[in-house]
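# Inside the fold
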Amino acid sequence: MNRFENWAETYSSRPQVVKYADTVDDVVTGLEAARAEGAAVRVLGAAQSPNDIAMSEEHLLVVRGLNQVREIDRERCEVVAEAGISLGELAAALARERLALPNLSSILRQSLGGAAATGTHGTGLRWGSLSSWIEGFEMVAVDGMLVRADRSAHADLWSVGRLGLGALGVQTAFRLKVVPEFDLRVEEGPVSLETAMQAEWYGGADHARVWYLPHVGHAWGWRAWRVPAERRRTEKHGSEIGRWWKDRVLGYHGFQAGLWLAGVFPAMLPAVNRAYSGVFLKDPRASVGGSVAQFTFDCLFHQRVAEWAVPLEVAEDAVTAVRELGERGGFQAHLPVEIRFTAGDDIALSPTFGGARCWIGIVSYIPWGRELYWRPWFEAFEARMLAFGGRPHWAKEFAIGPERLKAMYPEWAEFQAVRDEYDPNRRLKNRYTERVLG
Ligand SMILES: Cc1cc2nc3c(=O)[nH]c(=O)nc-3n(C[C@H](O)[C@H](O)[C@H](O)COP(=O)(O)OP(=O)(O)OC[C@H]3O[C@@H](n4cnc5c(N)ncnc54)[C@H](O)[C@@H]3O)c2cc1C
């Protein structure tokens, strides 16, 4: 039997049947096969989700091969791309037409369908998640029917299906609003957490990201301004060998070794965090370069992550509460605690439904496959986020179930009504949907 696991190797499943779809017809056939057996089926994009959202013990339909760009309209700034294309492939195709995705997450490996289904986001108060750029999509419903949804046709499906958690049907293509290509001027450096959490600081740039560094004494601020594209490459400093030594040997293997040791001797963690920051997060720097390279960065090795979106009004207090937890002994608070900001939207199950929010994310690395004491830190973090009215990232670790989630989302019932219409027998279920959607 095939074993599937997510990138972080934190969740796996053994589907009874695995089908690969390179075309829309393959999707129809894949769904038919599940229907014929009365089996449940889950869609898999690029398996990047840190939780078990994409796992299946029955049928699994892998759509990564459905990855063509069907159409790019430069005048209207729109693209139609198939759901399995990776964000990196899509960004490259757009760049050839001097267009770009409006904003980006930290990595580019996700499939477009997976990123949309989970509301994948970057940072920037005026920019929403990827789901909010969706003008329309094509979907094969579990009964095999091909539906095209946008503001005028199947508008209910379009509205909630922009963030559908893989629970409404198999999306095969998306029409997205994109933008003319742009560069980013980035300034980053040490900053006090108090300063960075002021609206003047994070709202004073097009894009802002703050890394609170537990046990370090300063935070790391990253701010970016959009500037006209000049097809510049982001400048790299130092020699090739110097960069290899610093990034690969110290930043990757050295950090991993430090965290592994801190797993055995927890009292070492503050020193590991300080050592890493001393090399990588000490001196201010500035750069200008293409948006793709500037938005993304190396997220290093396997890790558990949780991320919650809290209302902007309480963001500073929520971050302070997380800092108090992080500085307290007993928790393995790895760096960074990442703080980002995104615009609000009107998508039923979007964590930013109804207004701009501040995202707070924690990480627990898994050095050389060694799981550290992540659970107490994550549980304490989740309790704080709940107290501040947070909503969890759908693809990351969280423990709450349907009762609490329902209370967070005013349009929960609308989502469930569309789900009842397109998947009345819950063919698209897995353990995650049962735990989370009820
Ligand atoms: C190192 C790392 C960094 C990350 N950085 C960010 C970040 O900066 N911001 C952020 O928001 N997230 C981030 N994520 C999370 C990631 O963006 C999401 O988990 C995303 O869903 C992964 O896409 P995928 O293609 O791998 O989806 P999968 O994990 O394969 O699937 C996710 C969900 O999408 C559904 N799905 C996939 N394709 C389709 C389809 N065609 N039709 C219907 N449903 C479908 C699946 O059924 C499943 O429910 C990061 C993850 C990692 C590992």
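Quick note: structure is the one above.
Our subject in this report is the structure included herewith. (Residues numbered from 1 in each chain as written. Predicted model: local features only at pLDDT ≥ 70, side-chain atom pairs only at ≥ 80, totals over all residues. Heavy atoms only, no water.)

## Examining the nonpolar core
- Among the nonpolar cores identified, the biggest contains 97 residues, and Ile360 and Trp394 are the most heavily contacted of them.
- Considering every element that reaches this core, the biggest residue donor is helix H11 (residues 374–387), with 6 residues.
- What isoleucine 360 contacts, discounting residues up to four positions off in sequence, is Ala306, Glu307, Trp308, Val310, Ala318, Val319, Val322, Val337, Glu338, Phe381 and Met385.
- Counting residues in each nonpolar core, the second largest holds 19 residues, with Trp220, Ala262, Val272 and Leu335 among its members. (Core = buried A, V, L, I, M, F, W, Y, C linked by side-chain atoms within 4.5 Å. Buried < 20%, exposed > 50% of the residue type's maximum accessible area, 1.4 Å probe, protein only. Helix = DSSP H or I, 4+ residues; strand = E, 2+ residues; numbered from the N terminus. Contact = heavy atoms within 4.5 Å.)

## Thoughts on the sheet that holds strand S9 (residues 134–140)
- Spatially, the 5 strands line up as an open sheet ordered S6-S7-S11-S9-S10, and their pairing is antiparallel. Bordering the open sheet on either side are strand S6 (69–73) and strand S10 (146–150), each of which pairs with just one other strand. For this sheet, the mean angle separating the axes of adjacent strands, direction not counted, is 10°.
- Where S9 and S10 come together, 5 bridges link them in antiparallel fashion. Note on S10: the bridge partner recorded for glutamate 138 is arginine 148.
- Seen against the sheet, helix H2 (residues 87–96) touches S6, strand S7 (78–82) and strand S11 (170–177) and runs at an angle of roughly 40° to S6. (Pairing = 2+ DSSP bridges. Axes fitted to C-alpha atoms, helices over the stretch in contact; angles between N-to-C directions.)

## Observations regarding the packing of helix H7 (residues 240–264) against helix H8 (residues 269–280)
- Where H7 contacts H8, the axes come no closer than 9 Å and their chain directions differ by 170°. Classified by the interaxial angle, the pair formed by H7 and H8 is roughly antiparallel. On H8, the residues touching Lys246, Asp247, Leu250, Gly251, Phe255, Gly258, Leu259 and Ala262 of H7 are Leu269, Val272, Tyr276, Val279 and Phe280.
- In terms of residue class, the contact of H7 with H8 is built from 9 nonpolar, 2 polar and 2 charged. (Parallel < 35°, antiparallel > 145°, perpendicular 65-115°, else oblique. Nonpolar A, V, L, I, M, F, W, Y, C, P; charged D, E, K, R; others polar.)

## Re the sheet that holds strand S3 (residues 17–20)
- Across the sheet, which stays open at both edges, the 3 strands sit in the order S3-S5-S4 with parallel pairing between neighbours. Unpaired on one side and paired on the other, S3 and strand S4 (41–44) mark the two borders of the sheet. Geometrically, the sheet is characterised by an average inter-axis angle of 20° between neighbouring strands, direction not taken into account.
- Pairing of S3 with strand S5 (residues 59–62), which is carried by 4 bridges, proceeds in the parallel orientation. Each bridged residue has a counterpart across the sheet, and for lysine 19 the counterpart in S5 is leucine 61.

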